[in-house]
Amino acid sequence: MQLIQLPEYINWRTAMQQQQRYQGYYPAQCLSRLADATVGIKGELQATFYFSQVVDQCHLIHGTADVTVCLVCQRCNEIFDKKLSISYCVTPVASDNQAKGLLSAYEPVLVESDGSINAIQLVEDELLLSLPLVAIHPSDGCLPELKPYLNSPLELTPQTHAVNRYAPFQVLSTLSAKQT
């Protein structure tokens with residue numbers, strides 16, 4: 001199946017009524033915030049959108065996205081590739097007040113004034129949230145020189161000098177000794 005370039009904005013009401021399904025890609029140039037948060041983006045973002053409605057009249061947008069980004073390993077400072085795969089489920093809302101009224105099980109996404117959603121921004125937000133807090137290679141991916149130091153227990157060094165600790169009430173004991 002040939003993938004097509006997805007639209008930046010999707011009218012969610014029309015898509016919901018027709019229960020449309022979008023499957024395609026976005027070029028890497030469309031993901032400027034993700035590119036700024038990483039070293040770079042390899043290839044294009046493949047994404048899907050499904051529009052559905054649940055029994056309690058809540059509209060849902062389901063989707064998945066896959067993209068490969070370049071990150072800097074925090075152990076060895078080398079660049080490596082990391083595949084980000086996400087799936088999400090959001091509910092379109094018109095205002096923050098409407099978002100507060102949603103059940104906690106539903107995640108809101110703000111709709112533009114013309115009734116459309118910014119699909120690129122939606123997917124990019126989810127991808128930014130899926131980035132690792134600390135980017136590191138798998139342990140076999142770092143430089144061979146670092147192998148002895150990876151996953152090794154910390155060595156405890158014996159203290160060579162006594163620790164001079166300040167005792168705030170030590171003065172009281174000297175005062176009571178002088179009075180007797």
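Residues numbered from 1 in each chain as written. Predicted model: local features only at pLDDT ≥ 70, side-chain atom pairs only at ≥ 80, totals over all residues. Heavy atoms only, no water.

Asks: Please clarify how the environment of Val-123 should be interpreted in this entry.
Replies: Mapped onto the elements of the fold, Val-123 is located in helix α4 (residues 119–130). In sequence terms Val-123 and Leu-45 are 78 residues apart; their C-alpha atoms lie 9.4 Å from each other. Residues in contact with Val-123, not counting those within four places in the same chain, are Leu-45, Phe-49, Ala-65, Ile-86 and Tyr-88. (Helix = DSSP H or I, 4+ residues; strand = E, 2+ residues; numbered from the N terminus. Contact = heavy atoms within 4.5 Å.)

Asks: Quick question: what am I supposed to make of the pattern of salt bridges here?
Replies: Applying the stated criterion to the full structure yields three salt bridges. The residue Arg-33 makes a salt bridge to Asp-125 at a minimum N-O spacing of 2.6 Å. A residue pair is termed long-range when its members are at least 10 positions apart, and Arg-33 in helix α2 (residues 32–37) and Asp-125 in helix α4 qualify at 92 residues. According to the relative accessible area criterion, Arg-33 is partly exposed, its value standing at 34%. For Asp-125, a relative accessible area of 30% puts it in the partly exposed group. Lys-42 is the partner of Asp-81 in a salt bridge, and the nearest nitrogen-oxygen pair spans 2.9 Å. On the criterion of sequence distance, the pair formed by Asp-81 in strand β6 (residues 79–93) and Lys-42 in strand β4 (residues 40–53) is long-range, its members being 39 residues apart. Within this structure, Arg-33, Glu-124 and Asp-125 form a network of salt bridges that share partners. (Salt bridge = Lys/Arg side-chain N within 4 Å of Asp/Glu carboxyl O. Buried < 20%, exposed > 50% of the residue type's maximum accessible area, 1.4 Å probe, protein only.)

Asks: How should unusual backbone geometry be read in this particular structure?
Replies: Most of the time, phi is negative for any residue but glycine, and the peptide bond is trans. Positive phi, normally seen in glycine, also occurs at Gln-19, with a value near 45°. With respect to the helices, strands and loops of the structure, Gln-19 is situated in the loop between α1 (12–17) and β3 (21–26). One non-glycine residue with positive phi stands out, namely Asn-77, at about 65°. Tracing the sequence through the fold places Asn-77 in the loop between β5 (59–72) and β6. A residue is classified by how much of its surface remains accessible, and Asn-77, at 60% relative accessible area, is exposed.

Asks: Which parts of the structure should I look at to understand the side chain of Glu-124?
Replies: As for its placement among the helices and strands, Glu-124 is situated in helix α4. Among the polar contacts made by the side chain of Glu-124, one reaches the main-chain amide nitrogen of Ser-32 at a distance of 3.4 Å. Separated by 2.8 Å, the side chain of Glu-124 and the backbone nitrogen of Arg-33 make a polar contact. Residues contacting Glu-124, with those up to four places away along its chain left out, are Cys-30, Leu-31, Ser-32, Arg-33 and Leu-34. (Polar contact = N/O pair within 3.5 Å; in protein donor to acceptor, adjacent residues only side chain to side chain.)

Asks: Can you help me understand the sheet that holds β3 in this one?
Replies: Hydrogen bonds between backbone atoms are what pair the strands of a sheet, whose relative direction is either parallel or antiparallel. Pairing in this open sheet of six strands is mixed, and the strands run β1-β3-β4-β5-β6-β7 from one edge to the other. Because the sheet does not close on itself, it has two edges, and the strands there are β1 (4–5) and β7 (107–110). Relative to β7, β6 runs parallel, the two being bridged by four bridges. Within β7, the position partnered with Val-90 by the bridge is Glu-107. Sitting on the sheet, α4 touches β3, β4, β5, β6 and β7, and the angle it makes with β6 is about 125°. (Pairing = 2+ DSSP bridges. Axes fitted to C-alpha atoms, helices over the stretch in contact; angles between N-to-C directions.)

Purely geometric numbers; function is a separate question.
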